[in-house]
Amino acid sequence: MSDKDMINQRNILNEALKESFRKMIEIKKRMDLPIVTSDCDANPIVLTAEEAEKLLDMESLPSL
């Protein structure tokens, strides 16, 4: 497999992961459930679906 194919595969996977995360956020938002994740030290972080959605939107903005 060429380097270009590997990069393309990675991009496809990243987009699929983003889409599934967005769907999860929408479901959690409708059900009014929190999203639990962890920081780099494995400490739990509890977010509302709205907070997670804002963070996801901020990450997708191009850097200036």
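This one's a predicted model, so the numbers in the text were calculated from it and none came from an experiment.

Rules used in this analysis
Starting afresh in each chain, residues are numbered from 1 along the sequence in its written order. Residues qualify for local features only when their pLDDT is at least 70, as the model is predicted, and side-chain atom pairs are given and counted only at 80 or more; totals for whole chains, interfaces and linings, by contrast, use all residues. As a rule here, side-chain values cover all heavy atoms of the structure and leave hydrogens and water aside. Every helix listed is a DSSP run of H or I at least four residues long, and every strand listed is a run of E at least two residues long, numbered separately from the N terminus. Radius of gyration: C-alpha atoms only; globule rule: 2.2 Å multiplied by the number of residues to the exponent 0.38. Exposure is judged per residue with a 1.4 Å probe applied to protein chains only, and the accessible area is read against the type maximum: over 50% gives exposed, under 20% gives buried, and values in between give partly exposed. Throughout, a contact is declared for two residues whenever any of their heavy atoms are within 4.5 Å. The accessible surface values rely on the Shrake-Rupley method and a 1.4 Å probe; as for residues, cover is taken only from the protein chains in view. Think of a nonpolar core as a cluster: buried Ala, Val, Leu, Ile, Met, Phe, Trp, Tyr and Cys residues, connected wherever their side-chain atoms sit within 4.5 Å. By this rule, a helix spans an expected 1.5 Å times one less than how many residues it contains.

### Quick word on the overall build of the protein chain
In terms of regular secondary structure, the protein chain is built from two helices and two strands. Sequence-ordered secondary structure for the protein chain, helices as α and strands as β, is α-β-β-α. In terms of overall dimensions, the protein chain is more spread out than a globule: its C-alpha atoms have a radius of gyration of 15 Å, far above the 11 Å expected for 64 residues. Along the first, second and third principal axes, the C-alpha atoms of the protein chain reach 45 × 30 × 25 Å. Residues counted as buried form 9% of the 64 residues belonging to the protein chain. Residue pairs in contact within the protein chain that sit at least 24 positions apart in sequence constitute 29% of those at least 6 positions apart. Only carbon and sulfur atoms are counted for the fraction: they give 58% of the accessible area of the protein chain, which is about 5,700 Å².

### Structural notes on the environment of threonine 37
Tracing the chain through its elements places threonine 37 in strand 1 (residues 35-38). Setting aside residues up to four positions removed in sequence, threonine 37 forms contacts with Asn43, Pro44 and Ile45.

### Observations regarding the nonpolar core
Ranked by size, the top nonpolar core spans six residues in total: Ile25, Ile35, Leu47, Ala49, Ala52 and Leu56. Ranked by residues supplied to this core, first place goes to helix 2 (residues 49-60) with three residues. Apart from residues no more than four positions distant in its own chain, leucine 56 is found in contact with Phe21, Arg22 and Ile25.

### Considerations on helix 1 (residues 3-31)
With 29 residues, helix 1 extends 42 Å between its outermost C-alpha atoms, agreeing within 8% with the 42 Å of an ideal straight helix rising 1.5 Å per residue. Looking one or two places after helix 1, you find aspartate 32, whose phi comes out positive at around 55°.

In short, the description is geometric, and any link to function would need to be established separately.
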